[in-house]
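Results of the structural survey
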Amino acid sequence: MSSLVIQLKGKRQPTSNKVTTLVDQVNLIRSKFVYQALFHMKRNYMKFVYRLIAKWTNSDSYLTIIEQCTICFEYIHNDQIYTVHKCLHRYCFSCMRQHVEAKLLQGKLPECPHQKCESKIGIDSCKKFLNPELYDIMRLRVKEASILPKDRVYCPFSKCSAFMSKTEVIAHTPSSSSTAAGDNGMRRCVECNRLFCINCKVPWHDDMTCSGYMKSYVFRSSNEAKLKSLATKERWRECIDCKNLVELTSGCYHIDCRCGYQFCYTCGAEWVDKKQTCGCRLWDEHNSIYA
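The following refers to the structure shown. (Residues numbered from 1 in each chain as written. Predicted model: local features only at pLDDT ≥ 70, side-chain atom pairs only at ≥ 80, totals over all residues. Heavy atoms only, no water.)

Attention shifts here to the overall build of the protein chain. The secondary structure content of the protein chain amounts to ten helices and 13 strands. In the protein chain, which comprises 291 residues, the proportion classed as buried is 29%. (Helix = DSSP H or I, 4+ residues; strand = E, 2+ residues; numbered from the N terminus. Buried < 20%, exposed > 50% of the residue type's maximum accessible area, 1.4 Å probe, protein only.)

Our next topic: the side chain of R90. Assignment of secondary structure puts R90 in strand β4 (residues 90-92). Polar side-chain contacts of R90 include one of 2.8 Å to the side chain of E67. At 2.4 Å, the side chain of R90 and the side chain of T83 are in polar contact. (Polar contact = N/O pair within 3.5 Å; in protein donor to acceptor, adjacent residues only side chain to side chain.)

Turning next to the environment of L134. Structurally, L134 can be placed in helix α5 (residues 132-145). Sequence-wise, L134 and V100 are 34 residues apart; in three dimensions their C-alpha atoms are separated by 8.6 Å. For L134, the contacting residues outside a window of four places in its chain are R97, E101 and L104. (Contact = heavy atoms within 4.5 Å.)

One can expect most non-glycine residues to show negative phi and most peptide bonds to be in trans. For L88, which is not glycine, the phi torsion reads 70° and is therefore positive. Looking at where L88 falls in the secondary structure, it is placed in the loop between β3 (81-83) and β4. In this structure, D207 is a non-glycine residue whose phi angle is positive, near 55°. Structurally, the position occupied by D207 is in the loop between β9 (202-203) and α8 (210-215). The exposure class of D207 is exposed, given its relative accessible area of 78%.

Formed by 23 residues in total, the largest nonpolar core has its most connected members in Y82, M96, V100, F129, L130 and M138. Elements represented by at least two residues in this core include exactly β3, β4, α4 (93-105) and α5. Here this core takes five residues from α4, the largest share from any one element. Not counting residues up to four positions away in its chain, the partners in contact with M138 are V100, L104, L109, P110, I121, G122, I123, C126 and L130. In this structure, C242, C257, Y261 and F263 belong to the second largest nonpolar core, which totals eleven residues. (Core = buried A, V, L, I, M, F, W, Y, C linked by side-chain atoms within 4.5 Å.)

This next bit is on the sheet that holds strand β7 (residues 186-188). With antiparallel pairing, three strands are arranged side by side in an open sheet as β7-β8-β9. Only two strands of the sheet have a single neighbouring strand rather than two, namely β7 and β9. As paired strands, strand β8 (residues 195-197) and β9 are joined by two bridges and run antiparallel to one another. From the neighbouring strand, C197 faces β9, where its bridge partner is V202. (Pairing = 2+ DSSP bridges.)

Moving on to the packing of aromatic side chains. The way to describe two aromatic rings as a pair is by their centre distance and the angle between their planes. Here the structure, examined in full by the defined rule, presents four aromatic pairs. When the ring of Y82 is compared with that of F129, the centres are 5.1 Å apart and the planes differ by 80°; the resulting orientation is edge-to-face. Residue Y82 is found in strand β3, and its partner F129 is found in the loop between α4 and α5; the two are separated by 47 residues along the sequence. The exposure class of F129 is buried, given its relative accessible area of 3%. Centroid distance F93 to F129: 6.0 Å. Interplanar angle 40°. Geometry classified as tilted. In this pair, F93 is assigned in helix α4 and F129 in the loop between α4 and α5, connecting sequence segments 36 residues apart. (Phe/Tyr/Trp six-rings, centres within 6.5 Å; stacked < 30°, edge-to-face > 60°.)

Bringing α5 into the picture now. Between the first and last C-alpha of α5 there are 20 Å, a value that for 14 residues agrees with the 20 Å anticipated at 1.5 Å per step. By the burial criterion, the buried members of α5 are L134, Y135, M138, R141 and E144. (Expected span 1.5 Å × (residues − 1).)

A few words on the pattern of salt bridges. Following the criterion strictly, the structure yields five salt bridges and no others. The closest approach of N and O atoms between E67 and R90, which form a salt bridge, is 2.8 Å. One end of the pair, E67, is in strand β1 (residues 66-68); the other, R90, is in strand β4, with 23 residues separating them in the sequence. For the pair E67 and R90, a shared accessibility class is recorded, and that class is buried. With a closest N to O distance of 2.8 Å, K120 and E111 form a salt bridge. (Salt bridge = Lys/Arg side-chain N within 4 Å of Asp/Glu carboxyl O.)

Summarising the element assignment, S119 is placed in the loop between α4 and α5. Excluding its chain neighbours within four sequence positions, the residues that come into contact with S119 are V84, K86, C87, E111 and C112.

Interhelical geometry of α4 versus α5 gives an angle of 50° and a closest axis separation of 10 Å. By the angle class used here, α4 and α5 are oblique. Every pair of crossing elements has a handedness; the one defined by α4 and α5 is left-handed. The segment α4 lies against α5, with R97, V100, E101 and L104 engaging L134, I137, M138 and R141. (Axes fitted to C-alpha atoms, helices over the stretch in contact; angles between N-to-C directions. Parallel < 35°, antiparallel > 145°, perpendicular 65-115°, else oblique. Left-handed = near helix turned anticlockwise from the far one by under 90°.)

Structure (structure tokens):
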């Protein structure tokens, strides 16, 4: 008996990644049949087998394959089953849609739902089960992941909120304008073409410096000021790297921001190599949640 057959029967573990992948693929195919068995076959018989399979699949005797989703345990037609490209784990479109949506709303790119599997889910293959709105969100997440947090820019106009990189914004701002070369921070959105301040992250404050704007009544009466005031009152912490606000509702004071930056919620000090750099308490029993 060949070593591959022994591995397929589970009597020996594969010793290389290529063989492991081959065994997984064969076992996946075997799982779709009510009855199957392993046979040794001479190499010169393979062409005959291929012709037999082609004739069977193109004939009227072709059977519809029903497969059970390992998340919802429903039996689904195989053309409604999604295969994760790298690991070959398979789930129904409905479960995949819910899984991907949950990850996207958390600001993350989805991975294979299988426990401890880290295979990435490609955006192009998701067109099969995502609606246009979720697909657009996934495109945004893919773009966000490709740009460093410090280089991400969002249009401050609420009806636009376009996501851009600093490079895109600079390229879109006319070089003849004083906005491009100067240090005043004036930039133009690539989507709505309106002007904004890249330093203050607000609509452009004409004839006013950034420090002057922050002290002005215009800023104090704006939504941005109200948000900062609320953040101070509720003791929310701003991520130094991406400037997003973080609220701690439970757990320890070690914050792992969606941008990847890690810091202390109490004082804002950075965590380096998953280690605390400040002397603040790591845990408070009042932040625990009891079942």
